[in-house]
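# Inside the fold
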Amino acid sequence: MTKTLEQFKLLILVGILILIGQQIGFGLNAVQSIPGMIVVLLVAQLSLIIKGALPNVKFPAFAWATMISLLLSMPFMPTANWFLSTTGQVNFLGTTTPILAFAGISVGNKLGALKKMSWKIVIIAICVFIGTFFGSAIIAQIVLKLQGII
Amino acid sequence: MANEKSITKALINAFITVLFIVVISEFIGIKKFAVGPGTVTLLPMLYAVIFGMLVTPGILGKVVAPLKKLVDNDVIEFAGSMVMIALLPLGVKYGTLVGPNIMKIIQAGPALLLQELGNIATIFVALPVALLLGMKREAIGATVSICREPTLGVIGEKYGINSPEGTGVLGTYMMGTVFGTIFFGLLGSLSLGTGLHPYALAMASGMGSGSMMTAASSSLAAAVPSGMSETVLAYAATSNMLTGVTGLYVVIFISIPLVNKLYNVLEPKIGKKGGNS
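Residues numbered from 1 in each chain as written. Chains lettered and ligands numbered in written order. Predicted model: local features only at pLDDT ≥ 70, side-chain atom pairs only at ≥ 80, totals over all residues. Heavy atoms only, no water.

Time to look at the interface of chain A and chain B. Listed per partner, the contact involves 90 residues of chain A and 112 residues of chain B. Summing both sides of the interface, chain A and chain B together bury roughly 8500 Å²; the carbon and sulfur share of this comes to 85%. Here chain A and chain B share zero salt bridges between them. If you look at where chain A meets chain B, you find 12 residue pairs in polar contact (both at pLDDT 80 or more). Elements represented by at least two residues in the side of chain A that touches chain B include exactly α1 (2-26), α2 (34-53), α3 (61-72), α4 (80-87), α5 (92-106), α6 (111-116) and α7 (120-147) of chain A. (Contact = heavy atoms within 4.5 Å. Buried area = accessible area lost by both parts, 1.4 Å probe. Salt bridge = Lys/Arg side-chain N within 4 Å of Asp/Glu carboxyl O. Polar contact = N/O pair within 3.5 Å; in protein donor to acceptor, adjacent residues only side chain to side chain. Helix = DSSP H or I, 4+ residues; strand = E, 2+ residues; numbered from the N terminus.)

Pasting the structure below:
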């Protein structure tokens, strides 16, 4: 319970950052978006609770959050309209900026270790990124074509 | 007690720092540039990750004393644990994109599932390069996959994280952690220049990392005609969830045997003699 409260405190802080950010970036009134944000944060908290309750299931809390919100917003679900219009007050891109700000800070103490690595790893990592991305994209392109979706 | 106090201080300092970064990044807003055949779409998240790195003690903190006080190692540690929490509202938003499109997603199921196998293409692209550069067993770890946490775990368990293979996997992992979002934030929109369909590129964005998928798919979604962007994000999120489920098994049962086999074939031919990483 203490852990849940602690997590929710942090989620509220993230919520505040998003509300301020989306007011500046997308002109969404921060106060009017509070109800939507509360619903988003409650689903987020639920995903943390599920993750905590199922330690043996290797599914990240992020994926649980998507899964719960996916179920609530499927067309034949009675919750769909309400859930989509309420969470619509929270802008998609607005949620991404605080994440990456935290991520940027968090790698601050890894730059030293990276400098120690060989320059070769830079080239190889770029090849890995490109290989992974376009490998998948090419297969997806072929299958989507065969299925007649694109 | 002192410990608790320092955590609270780290929390407050991190919050203030991130608030500044978010405000400045959102204020700059979305910028688009035409580059060659494609468009680069710069999103606020991209500025945020760069500003985040800049304010740490290793870079600007070194020269600006008050900044070093604001962003210390406690704040860096705390920020690391906050990434997982901060990702959750985005996870919820992704769900609201997938849910209404669930029929479309199921219809595209075969493509979504099969493209998961495309991730092994990295071995064919990156392993020869690594060998030509003179890497030995490090190449196994560095090129086996895009090396997010599950791969790190598997390679660490199989070879030991201090082994050459472990050094390799850590190298790619670190590169991804530090530069992955920047790289994919640029590649997402630029990749449209290849002529591949936005939906195929969207599926490719799901590589098992929430932040890389977000960087790639958001910049892609911002660059495609607006009628397509929701589907782009929905495919990307679904593909990323699938990688979360299948990725580990692909690495264990396909990628690791394959990279070893290819290493044994290629190393005598193109590996440099006596070279090491």
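Our next topic: the domain arrangement of chain A. Partitioning chain A into structural domains gives domain 1 (2-110) and domain 2 (117-150). Domain 1 of chain A and domain 2 of chain A are separated by 29 Å when their C-alpha centres are compared. (Domains from an automatic or database assignment.)

Right, let's talk about the pattern of salt bridges for a bit. Taken as a whole, this structure holds four salt bridges over all chains when the rule is applied. Across the pair A:Glu6 and A:Lys9 runs a salt bridge, and its minimum N-O distance is 3.3 Å. Taken together, the residues span about one helical turn, with A:Glu6 and A:Lys9 both in helix α1 at a distance of three residues. For A:Lys9, a relative accessible area of 48% corresponds to the partly exposed category. For the salt bridge of B:Lys136 with B:Glu267, the shortest nitrogen-to-oxygen distance reads 2.7 Å. A residue pair is termed long-range when its members are at least 10 positions apart, and B:Lys136 in the loop between α8 (121-132) and α9 (138-143) and B:Glu267 in helix α14 (residues 226-270) qualify at 131 residues. B:Glu267 matches B:Lys136 in its accessibility class, with the two residues each being buried. (Buried < 20%, exposed > 50% of the residue type's maximum accessible area, 1.4 Å probe, protein only.)

Confidence along chain B averages 92 in pLDDT terms, with 97% of residues attaining 70 or more. Mean pLDDT values over the elements of chain B span from 84, in strand β2 (residues 38-42) of chain B, up to 98, in helix α12 (residues 198-204) of chain B. (pLDDT = per-residue confidence, 0-100.)

Residue and element names in this part refer to chain A. Where α1 meets α5, the axes come as close as 8 Å, and the angle between the chain directions of the two elements is 120°. For the element pair α1 / α5, the angle class is oblique. Considering the relative orientation of α1 and α5, their crossing is right-handed. Contacts between α1 and α5 involve Leu17, Ile18 and Phe26 on the former and, on the latter, Leu93, Gly94, Thr95, Pro98 and Phe102. Split into classes, the residues belonging to the contact of α1 with α5 amount to six nonpolar, two polar and no charged. (Axes fitted to C-alpha atoms, helices over the stretch in contact; angles between N-to-C directions. Parallel < 35°, antiparallel > 145°, perpendicular 65-115°, else oblique. Left-handed = near helix turned anticlockwise from the far one by under 90°. Nonpolar A, V, L, I, M, F, W, Y, C, P; charged D, E, K, R; others polar.)

As a further point, take the nonpolar core. By size, the foremost hydrophobic cluster in this structure holds 140 residues, and its most contacted members are A:Phe102, A:Ile105, A:Phe133, B:Tyr94, B:Phe184, B:Met203 and B:Tyr235. With 15 residues, helix α5 (residues 73-98) of chain B is the largest single contributor of residues to this core. Non-local contacts of A:Ile105, meaning those with residues more than four positions away in its chain, are made with B:Thr17, B:Val18, B:Ile21, B:Gly52, B:Met53, B:Val55, B:Thr56, B:Val71, B:Val75, B:Ile76 and B:Ala79. (Core = buried A, V, L, I, M, F, W, Y, C linked by side-chain atoms within 4.5 Å.)

The next point concerns α5(A). Residue and element names in this part refer to chain A. The terminal C-alpha atoms of α5 lie 23 Å apart, and with 15 residues this matches the ideal 21 Å at 1.5 Å per residue to within 8%. In terms of residue burial, α5 counts as a mostly covered element, since 15 of its 15 residues are buried. For α5, the capping residue at the N-terminal end is Asn91, with a side-chain oxygen 2.9 Å from the backbone nitrogen of Leu93. (Expected span 1.5 Å × (residues − 1).)

Residue and element names in this part refer to chain B. Of all five residues making up β2, four are buried, and the element is well covered by its neighbours. Looking at chain direction, strand β1 (residues 31-35) and β2 are connected through five bridges and run antiparallel. Its bridge partner being in β2, Phe33 is matched across the sheet by Val40. The hairpin turn running from β1 into β2, its antiparallel successor, is two residues long, and Gly36 in that turn takes a positive phi close to 55°. (Pairing = 2+ DSSP bridges.)

The subject of this paragraph is the packing of aromatic side chains. The full count for this structure, using the stated rule, is 10 aromatic pairs over all chains. Relative to A:Phe83, the ring of A:Trp82 has its centre 6.1 Å away and its plane inclined at 55°; by these criteria the two rings are tilted. On the basis of relative accessibility, which here comes to 1%, the residue A:Phe83 falls in the buried class. Through a chain of ring-to-ring contacts, the aromatic side chains of A:Phe129, A:Phe133, A:Phe134, B:Phe183 and B:Phe184 assemble into a single cluster. Taking NZ or CZ as reference, B:Lys158 lies 5.8 Å from the ring centre of B:Tyr159, over its face. (Phe/Tyr/Trp six-rings, centres within 6.5 Å; stacked < 30°, edge-to-face > 60°. Lys NZ or Arg CZ within 6 Å of the ring centre and 35° of its normal.)

Quick look at the side chain of B:Ser163 now. Residues and elements named next belong to chain B. As for its position among the elements, Ser163 is in the loop between α10 (149-159) and α11 (164-190). Its relative accessible area of 11% is what places Ser163 among the buried residues. Here the side chain of Ser163 touches Gly160 through a polar contact of 2.6 Å, landing on its backbone oxygen.

Turning our eyes to something else, we now look at the packing of α11(B) against helix α13 (residues 210-223) of chain B. All names here are of chain B. Interaxial distance between α11 and α13 falls to 7 Å at its minimum, and their mutual angle equals 20°. Classified by the interaxial angle, the pair formed by α11 and α13 is roughly parallel. Both α11 and α13 take part in a crossing whose hand is right-handed. Every residue of α13 that contacts α11 at Gly176, Gly180, Thr181, Phe184, Gly185, Gly188 and Ser189 is listed here: Ser211, Met212, Ala215, Ala216, Ser219, Leu220 and Ala223. Its residues assigned to classes, the contact of α11 with α13 comprises six nonpolar, eight polar and no charged.

Another aspect to go through is the side chain of B:Thr181. By the secondary structure assignment, B:Thr181 is in helix α11. Aside from chain neighbours lying at most four places away, what touches B:Thr181 is A:Leu100, B:Leu46, B:Val49, B:Gly176, B:Ser211, B:Met212 and B:Ala215.

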